[in-house]
Amino acid sequence: MIRTRMGDKRKILSVVGTRPNFMKVAPIVSALERRGEEFEHVLVHTGQHYDAGMSEIFLDELGVGEPEHRLNVGSGTHARQTAAVMERLEPVLLAERPDVVLVPGDVNSTLAASLVAVKLGLAVAHVEAGLRSFDRTMPEEINRVMTDAVSETLFTHSPEAREHLLAEGRDEQQIHYVGNTMIDTLVRMRERIDALNAPARHGLKVGEYLVVTLHRPALVDGPLLRVAADALRALAGQMPIVFPVHPRTRARLAVEDPTLVDAPGLAMLEPIGYLEFLALIAGAAGVLTDSGGIQEETTFLGVPCLTLRDNTERPITQSMGTNLLLGLAPARIRDAPELLAAVRARSHQVPPLWDGHAAERIVDVLAKSETRRAISARRAVSAPTAAVGAQPPAAASSSVAI
Ligand code: UD1
């Protein structure tokens, strides 16, 4: 099939792979579609997450549509998963020849895609740049630092991200504080979320239950999981708990505490879709989590969030929002009622530009960015001998075979 480069349209190729990527990219896809006379968009799904409940339901609910390319990499060690994305993405990028490769977040697919793109001489734009936990035992922190290091354009959503990027030597001109695209999705979906009436459908009363999500290796892959399970069992006697269980956590619980599923007051669910999950959070007394994105969603919704981690790459959710870091200390789960009350007593605000319009600002920046052809021409002039192997193979400028 021949795909024609349509006039001077910029071609943006986004790479998604895991559950949290979909809601970060969805509003950008819509904003690009609304400016279809200026942009062409191509979506690549790496398949890092592949269960229907971790992937397809999000594409459906968020209206992202069917990806143009699926890489079907699946699970594996970090090296295997990252390598599989790199190997399978390279021919796609060579065929599509986008002007910009857009990567969201901090997962293995994000890093793999940015490495492939930059080595092909393609411009990388990172959505959610500059977040730092300063904890290099977290795979996500490595992915963030490396992705930012090779990205041409850095889209940030909290003020401290800019400071981190400047401290790492990035140019001020490359940093764009645009706001939070995950919150764009929440704003866009708010009516549908509220219409679900999710707490009642789960037999729960608004403001009286706790939502739990746990999936990070530091918590679920070792002995702390059993401590967490005991504490959840005890807490469920005081307040109802609804716990959509990540596949990684379910597999570990089957070994560590197979009877937790029978604990009275605790509903362990399969992973649930975006709308239902947000509806459960919006109606909760609070959330207990080790996720990154949920710290932001709860801050926007004004729902207390207890984060079972020693650090957060999202400190604004603590300084301005409703987040409270408990430390990697699952025994503290037992104190959840008092901790939630303490957070509720604090004042909180939504961070600046978490207003539902981040994607439009991103697209405004992309509209002014250099095209692939301009970048190639600039590089050819400034470094004529360094170009060998650094560019995609020459193809007719008017058409690309895929
Ligand atoms: C990944 C991200 C993490 C993100 C999380 C959201 C990295 C390093 N980690 O972690 O930052 O917060 O996604 O969920 O990229 N599995 C399934 N079905 C699936 C996906 C995973 O069964 O659809 C199971 C597999 O056994 C797999 C395990 O979960 O080995 C872990 O999956 P993986 O994608 O490697 O990491 P996550 O823990 O999901």
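Residues numbered from 1 in each chain as written. Predicted model: local features only at pLDDT ≥ 70, side-chain atom pairs only at ≥ 80, totals over all residues. Heavy atoms only, no water.

Some thoughts on the overall build of the chain
Consideration 1: Along the backbone of the chain there are 17 helices and 15 strands.
Consideration 2: A principal-axis box enclosing the C-alpha atoms of the chain has dimensions of 70 × 40 × 40 Å.
Consideration 3: The burial tally for the chain puts 56% of its 402 residues in the buried class.
Consideration 4: For the chain, the accessible surface area stands at approximately 16,200 Å², while carbon and sulfur atoms represent 56% of it.
Consideration 5: In the chain, 42 side chains carry a positive charge and 49 a negative one; their mean positions are 2 Å apart. (Helix = DSSP H or I, 4+ residues; strand = E, 2+ residues; numbered from the N terminus. Buried < 20%, exposed > 50% of the residue type's maximum accessible area, 1.4 Å probe, protein only. Areas by Shrake-Rupley, 256 points an atom, 1.4 Å probe, with all protein chains shown as cover. Lys, Arg positive; Asp, Glu negative; His and termini not counted. Charge placed at Lys NZ, Arg CZ, Asp CG, Glu CD.)

Describing the domain arrangement of the chain
Consideration 1: Partitioning the chain into domains gives domain 1 (10-180 + 354-382) and domain 2 (188-344).
Consideration 2: Taking the mean C-alpha position of each, domain 1 and domain 2 sit 28 Å from one another.
Consideration 3: With 28 residues of domain 1 at the interface, the matching set in domain 2 holds 22 residues.
Consideration 4: At the boundary of domain 1 with domain 2, total buried surface from both sides reaches about 1,900 Å², with 57% on carbon and sulfur atoms.
Consideration 5: Among the residues domain 1 hides against domain 2, the three largest losses belong to Glu 61, Leu 62 and Trp 354. Together they make up 29% of the total.
Consideration 6: Linking domain 1 with domain 2 are three salt bridges, by the criterion used here. (Domains from an automatic or database assignment. Contact = heavy atoms within 4.5 Å. Buried area = accessible area lost by both parts, 1.4 Å probe. Salt bridge = Lys/Arg side-chain N within 4 Å of Asp/Glu carboxyl O.)

Observations concerning the pattern of salt bridges
Consideration 1: Following the criterion strictly, the structure yields 27 salt bridges and no others.
Consideration 2: Residue Arg 216 is joined to Glu 140 by a salt bridge in which the shortest nitrogen-to-oxygen separation is 2.9 Å. Of this pair, Arg 216 sits in the loop between strand 9 (210-213) and helix 9 (217-220) while Glu 140 sits in helix 5 (residues 139-150), placing them 76 residues apart in sequence. The burial state of Arg 216 is the same as that of Glu 140; both residues are buried.
Consideration 3: The salt bridge involving Glu 296 is made with Arg 314; its shortest N-O contact spans 2.6 Å. Linking Glu 296 in helix 13 (residues 293-301) with Arg 314 in the loop between strand 13 (305-307) and helix 14 (316-319), this pair joins segments that are 18 residues apart in sequence.
Consideration 4: When its relative accessible area of 3% is taken as the criterion, Arg 314 is described as buried.

Comments concerning the pairing of strand 2 (residues 10-16)
Consideration 1: Counting buried positions along strand 2 yields seven of seven residues, so the element is predominantly enclosed.
Consideration 2: Of the two faces of strand 2, the one carrying Arg 10, Ile 12, Ser 14 and Val 16 and the one carrying Lys 11, Leu 13 and Val 15 are both buried.
Consideration 3: In the sheet, strand 2 pairs with strand 3 (residues 39-45) via seven bridges, with the strands oriented parallel. The residue bridging Lys 11 from the neighbouring strand is Glu 40, located in strand 3.
Consideration 4: Handedness of the strand 2-helix 1 (residues 19-34)-strand 3 crossover: right-handed.
Consideration 5: As paired strands, strand 2 and strand 5 (residues 100-104) are joined by three bridges and run parallel to one another. Bridge pairing in strand 5 places Ile 12 opposite Val 100. (Pairing = 2+ DSSP bridges. Right-handed = clockwise from strand over helix to strand, strands pointing away.)

A few points about helix 5
Consideration 1: Here helix 5 is 12 residues long and its end C-alpha atoms lie 17 Å apart, about the 16 Å a rise of 1.5 Å per residue gives.
Consideration 2: Looking at helix 5, one finds that the buried residues are Glu 140, Glu 141, Asn 143, Arg 144, Val 145, Thr 147 and Asp 148.
Consideration 3: Residues of helix 5 that are buried make contact with strand 5, helix 4 (108-119), strand 6 (123-127), strand 7 (153-156) and helix 6 (159-167). (Expected span 1.5 Å × (residues − 1).)

Looking at the sheet that holds strand 3
Consideration 1: Across the sheet, which stays open at both edges, the seven strands sit in the order 4-3-2-5-6-7-8 with parallel pairing between neighbours. At either margin of the open sheet sits one strand with a lone partner, and together these are strand 4 (69-70) and strand 8 (175-177).
Consideration 2: Pairing between strand 3 and strand 4: two bridges, direction parallel. The partner of Val 44 across the bridge, within strand 4, is His 69.
Consideration 3: Sitting on the sheet, helix 4 is in contact with strand 2, strand 5 and strand 6, with an inclination near 165° to strand 5. (Axes fitted to C-alpha atoms, helices over the stretch in contact; angles between N-to-C directions.)

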